[in-house]
Amino acid sequence: MSEGRRQKIDPITLEVIKNRIKCIADEMFLIVKKTAASPLYTESNDYSLGLFDGNRKFIQLGGTAVFHFVSLKSIVDEAVNLLGEDPGIDEGDMIMANDAYGAGGIHSLDLGIVSPVFYKGKVVAWTGSVAQQMDIGGMTPGGFNLEAVECYQEGLRFPPMKLYEKGKLRKDLWNFYLANIRLPEKQAIDMKGQVSANKVAGQRVQELCDEFGPETFQEACDVLLDLTETELRSRIRALPDGVYESVDYEEHDGRSHRFLKVQCGLTVQGDELKFDFSGTCPQLPGPVNLTKVGLSAMIYAGLIPSLGWGIPWNDGVTRPVTVTAPEGCVVNACVPAPVSMPFTGFRALEAAMRCINKALEHSDFHERANAAWQGMWPIIVGYGLDQYGNPALIPWMDGGIGGQGAFPGRDGVDNSGMIMAMNVHVCDVEWSETYYPFLFLERKVRRDSEGAGEYRGGAGVEIAAMAYDTPRLDFVNLNTRKYLAGYTLAGGYPGGQHLQLLKHGTNVSERMKTDLPSWEDLPQPAEEVGTKSRFSLLPGDVFYYTGGGGSGVGDPIDREPSKVSEDVRWEYVSLEKAYDVYGVALDPDTLEVDLEQTRARRDEIRRERLASDSGEPG
Amino acid sequence: MDARRVSESLEAVGDPPDRIVRCRKCKHPIGHLTQNWKASSSVIRRVRSLSEARAGIPASDQVEWRQWVCPGCATLLNAEVALKGDPDIWDYRPLGS
């Protein structure tokens, strides 16, 4: 908190500046979306923007890949640390970085470009963006290298470097970068979009300073940071003091199946939170490690939506929070541990979320406690020739369609996304079929994928698709949560997890002349696709994917029977599961609730529970 | 007694340091707040295969789904998915215990 500062700014001016800052960030978001070329931005919004004050404090996020805010912060701070004295920071500089180990995102695909904003010769702000790149060079198209044992094998890694120096593009760096990536034309346009967003945002901040003065702008930033900190501390004080514990596991190290432990202890004391990842397994020579920057990014990605409702999301949220992890563990990895697929980060996020939500469940904010979401964003990257004969690199984002965890008092949202990237979108089927050599047989809610509960988790998705009008597509497949599942609250069931299958040699192209078969209609045997693996789609091959559902809250046999009937009517839940798990008997034709049979079935479930006791505590 | 919520399914009553954890629905005592109530002899602990929760998905024999049931009203109180051999997670521990 700013010590000894008397607030001079009036509330109306503060509110005007607060909203102006938000509008600047929103405008940055739209500039990138409308000027970029890659679908990761134009369709999926996989980028974030940010504004910083003159003290390099983060004051506004644009876009909602929440974990990017820590990445941006690290780039701005390291840019000043490494370049501030020599060669110095000048007006018109654009500084790029993607080093997950110090100045960048959770992996090198997250490329940041930041810029100082000068007003009458003095730095009054910073602007910046972090955006997932389509490719970053290295062994594997798309940048996810299953075989990497060192970070040096994962493509380009930049500490902060001046892309623009005093307003002039450095052609040597520009040409070097474009010469080492697989989609230079598209990615050049994307980066120009990031640069444009910085330039426009800089102008807007200067206009704001013209109107209110730089001192008033800085004071507004200071007050907003203090307000966020004050409110967050107040909410933390409402959580019972104590230690909340959680354990989660990543299931695959990039080459083989093994359980990698991520342990989290959250200490709530007074108005402070301490996340401690002691007990987490050591880093390893496989691409699933997470760096210190990445760990902080993941913690705030869970903390901010959970405790930060209704307050500006800015640097103030970091003041009551400490994050520690043993150096050299898998979520605080050191060079040269590879990090292109930091799936241990998803586990750290979920372990932290479990602790936070157990604390919420215990407090007066218990209605905000949230069971686990689908648990991760599977990444499937394809490459080959598209339907027009051009080289294609396809980031297939559909894996993000998963269920939201339930809350006490309400169900989770069906076919939602992931909490760390709430505004990241999945392309429409029609868009995907136009721009990629794909044909979808189906993309729909997966029945019975929800985590059952008095309040059920959101349903996940199931997809069946094939390569179309192309001789072949090769894929890198990154998945997890096949064997384990997310946390639940108050006895709820976990959501369905991720599974991927292939059927070879189908005759879909022929059958399409009269109908479009579903995955179930295809008689070929299904083979499982490895959790982290490569696979190919040849003509006639069909790929099937099921996305995770959200976890439930409360006992399923406490769910209102009429709600279960509606779940069955809308095909979220099967008749069988309605009876077996929820204990609700429905007429198979009308789906009316048979109250007597429901009562009997639920009594039977209770008797089974009371009769069982496999007892030895763990 | 002034009951304080512990979770959606549990509450704590009594004065520190002897606060008792009990079922919110039927008030059956389950354990003590200063110990991991999951290890209490007053609660039913069940271990199931995760395939019961997720039909059609292969299960690993290294993974178990643990449930805790109130012996008074048979309500599911808590659940966790864990590796065999891992200790039950102590969800909440008061400071100093």
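Preceding this section is the structure that the text describes.
Anyway, here's the lowdown on the structure attached to this text.

What counts and how
- Residues numbered from 1 in each chain as written.
- Chains lettered and ligands numbered in written order.
- Predicted model: local features only at pLDDT ≥ 70, side-chain atom pairs only at ≥ 80, totals over all residues.
- Heavy atoms only, no water.
- Helix = DSSP H or I, 4+ residues; strand = E, 2+ residues; numbered from the N terminus.
- Rg over C-alpha atoms; globule rule 2.2 N^0.38 Å.
- Buried < 20%, exposed > 50% of the residue type's maximum accessible area, 1.4 Å probe, protein only.
- Contact = heavy atoms within 4.5 Å.
- Areas by Shrake-Rupley, 256 points an atom, 1.4 Å probe, with all protein chains shown as cover.
- Lys, Arg positive; Asp, Glu negative; His and termini not counted.
- Charge placed at Lys NZ, Arg CZ, Asp CG, Glu CD.
- Axes fitted to C-alpha atoms, helices over the stretch in contact; angles between N-to-C directions.
- Parallel < 35°, antiparallel > 145°, perpendicular 65-115°, else oblique.
- Left-handed = near helix turned anticlockwise from the far one by under 90°.
- Nonpolar A, V, L, I, M, F, W, Y, C, P; charged D, E, K, R; others polar.
- Pairing = 2+ DSSP bridges.
- Phe/Tyr/Trp six-rings, centres within 6.5 Å; stacked < 30°, edge-to-face > 60°.
- Lys NZ or Arg CZ within 6 Å of the ring centre and 35° of its normal.
- Expected span 1.5 Å × (residues − 1).
- Disulfide = S-S within 2.5 Å.
- Polar contact = N/O pair within 3.5 Å; in protein donor to acceptor, adjacent residues only side chain to side chain.
- Core = buried A, V, L, I, M, F, W, Y, C linked by side-chain atoms within 4.5 Å.
- Salt bridge = Lys/Arg side-chain N within 4 Å of Asp/Glu carboxyl O.
- Buried area = accessible area lost by both parts, 1.4 Å probe.
- Patch = residues over 30% accessible without salt bridge, like charges linked within 9 Å, V, L, I, M, F, W, Y side chains within 5 Å.

**Side note on the overall build of chain A**
A tally of helices and strands in chain A yields 13 helices and 20 strands. Here chain A has a C-alpha radius of gyration of 25 Å; the compact-globule value for 618 residues is 25 Å, and the two agree. The C-alpha extent of chain A, read off along each of the three principal axes, is 80 × 60 × 45 Å. Counting all 618 residues of chain A, 63% fall into the buried class. Long-range contacts, defined here as pairs at least 24 residues apart, represent 74% of the contacts in chain A between residues at least 6 apart. Only carbon and sulfur atoms are counted for the fraction: they give 49% of the accessible area of chain A, which is about 22,100 Å². In chain A, which carries 61 positive and 88 negative side-chain charges, the distance between the mean positions of the two groups comes to 4 Å.

**Focus on the packing of helix α4 (residues 171–179) of chain A against helix α5 (residues 184–212) of chain A**
All names here are of chain A. Where α4 contacts α5, the two axes come as close as 9 Å, and the packing angle between them is 135°. Taken together, the axes of α4 and α5 are oblique relative to one another. When you trace α4 past α5, the crossing you get is right-handed. The residues of α5 that touch α4, namely those facing W174, Y177 and L178, are P184, Q187, A188, M191 and K192. Split into classes, the residues belonging to the contact of α4 with α5 amount to six nonpolar, one polar and one charged.

**A few points about the sheet that holds strand β7 (residues 76–83) of chain B**
If you walk across this open sheet you meet the three strands as β5-β6-β7 (chain B), and the pairing is antiparallel. Only two strands of the sheet have a single neighbouring strand rather than two, namely β5 (44–48) and β7 of chain B. Going across the sheet, the axis of each strand differs from the next one's by a mean of 20°, ignoring polarity. Relative to β7(B), strand β6 (residues 63–69) of chain B is paired through seven bridges, and the arrangement is antiparallel. Residue pairing for β7(B): V63(B) is matched across the bridge by L83(B). The strands that helix α13 (residues 595–611) of chain A touches are β5, β6 and β7 of chain B; relative to β5(B), the one it contacts most, it runs at about 100°.

**Things to note about the packing of aromatic side chains**
All names here are of chain A. Tallied over the full model, the rule gives 24 aromatic pairs over all chains. An aromatic cluster is built from W396, W431, Y435, Y436, F438, F440, F475, F535 and F543, whose rings are joined through pairwise contacts. The ring of F407 carries the charged tip of R410 above its face, separated from the ring centre by 3.8 Å. Looking at R456, its charged tip hangs above the ring of Y572, at a distance of 4.6 Å from the centre.

**So, helix α3 (residues 68–88) of chain A**
Between its first and last C-alpha atoms α3(A) spans 25 Å; for 21 residues at 1.5 Å apiece the expected length is 30 Å, and the helix comes up short by more than 12%. Those residues of α3(A) that sit buried are H68(A), F69(A), V70(A), S71(A), L72(A), K73(A), S74(A), I75(A), V76(A), A79(A), L83(A) and G88(A).

**Digging into the side chain of R233(A)**
Residues and elements named next belong to chain A. On the secondary structure map, R233 appears in helix α6 (residues 214–237). R233 sits in the buried class, given a relative accessible area of 14%. Those residues in contact with R233 that sit more than four places away from it in its chain are D271, E272, R319 and P320.

**Things to note about the state of the cysteines**
All names here are of chain A. In total, this model carries zero disulfides over all chains according to the counting rule given. With no disulfide of its own, C151 lies 11 Å from the sulfur of C334, the closest cysteine sulfur. Relative accessible area serves as the criterion here: at 4%, C151 is assigned to the buried category.

**Comments concerning the side chain of Q387(A)**
Residues and elements named next belong to chain A. Mapped onto the elements of the fold, Q387 is located in the loop between β12 (379–385) and β13 (391–396). One polar contact links the side chain of Q387 to the main-chain carbonyl oxygen of E433, over a distance of 3.3 Å. A distance of 3.0 Å separates a polar atom in the side chain of Q387 from the backbone oxygen of Y436. Beyond its immediate chain neighbours, meaning those up to four positions away, Q387 contacts E433, T434, Y435, Y436, P437, Y468 and D469.

**Notes on the nonpolar core**
All names here are of chain A. Counting residues in hydrophobic clusters, the biggest one holds 183 residues, and the most contacted among them are Y177, F217, L273, F275, F277 and V331. Tallying contributions element by element places helix α8 (residues 343–361) first for this core, with 11 residues. Ignoring anything within four residues of it in the chain, the contact list for F277 reads V262, Q263, C264, L295, I299, V323, T324, A325, P326, V331 and A348.

**Structural notes on the environment of E361(A)**
Checked against the element boundaries, E361(A) lands in helix α8. Considering only alpha carbons, one finds E361(A) and A372(A), 11 residues apart in sequence, at a separation of 13 Å. In this structure E361(A) touches H366(A), A369(A), L489(A), A490(A), R5(B), V6(B), S7(B) and E8(B), once residues within four positions along its chain are discounted. From its side chain, E361(A) meets the backbone nitrogen of E8(B) in a polar contact 3.2 Å long.

**Some remarks on the pattern of salt bridges**
All told, the structure shown has 57 salt bridges over all chains when counted by the stated rule. Bridged by salt links that share partners, the residues R354(A), K358(A), K38(B), R45(B), E64(B), R66(B), E80(B), D88(B) and D91(B) form one connected network.

**Re the interface of chain B and chain A**
Tallying the contact residues gives 49 residues for chain B and 54 residues for chain A. Of the roughly 4,300 Å² buried between chain B and chain A on both sides combined, carbon and sulfur atoms contribute 55%. Viewed at the interface, chain A and chain B are joined by five salt bridges. A salt bridge links E245(A) to R93(B), with the shortest nitrogen-to-oxygen separation between them at 3.4 Å. Taken together, the links from chain B to chain A amount to 14 residue pairs in polar contact (both at pLDDT 80 or more). Broken down by element, the residue count for the side of chain B that touches chain A peaks at seven residues, all from β7(B).

**Quick look at the packing of helix α1 (residues 11–35) of chain A against α5(A)**
All names here are of chain A. Relative orientation of the contacting elements α1 and α5 amounts to 160°, with a least axis distance of 8 Å. If you check the angle between α1 and α5, you find them roughly antiparallel. Every pair of crossing elements has a handedness; the one defined by α1 and α5 is right-handed. Looking at the contact of α1 with α5, its residues break down into 14 nonpolar, six polar and four charged.

**Considering the pairing of β6(B)**
Residue and element names in this part refer to chain B. Counting buried residues along β6, seven of its seven residues qualify, which places the element largely inside the surrounding structure. Side-chain alternation along β6 places V63, W65, Q67 and V69 on one buried face and E64, R66 and W68 on a second face that is also buried. Examined bridge by bridge, β5 and β6 share five bridges and lie antiparallel to one another. Its bridge partner lying in β6, I44 is registered against V69. Once β6 ends, the chain turns through six residues before running back antiparallel as β7, passing A74 with a positive phi of about 65°.

**Some details on the sheet that holds strand β18 (residues 527–528) of chain A**
Residues and elements named next belong to chain A. In space, the five strands of this open sheet follow the order β14-β15-β20-β17-β18, with antiparallel pairing throughout. Two strands lie at the open edges of the sheet, namely β14 (438–445) and β18, each paired on one side alone. Judged from the two bridges that link them, strand β17 (residues 499–503) and β18 form a sheet pairing that is antiparallel. Its bridge partner lying in β18, L501 is registered against E528.

**Brief notes about a positive patch on the surface**
All names here are of chain A. A cluster of basic residues, K168, K171, K192 and K199, forms a positive patch on the protein surface. If you trace the backbone, K199 turns up in helix α5. Look at K199 and you get partly exposed, because its relative accessible area is 43%.

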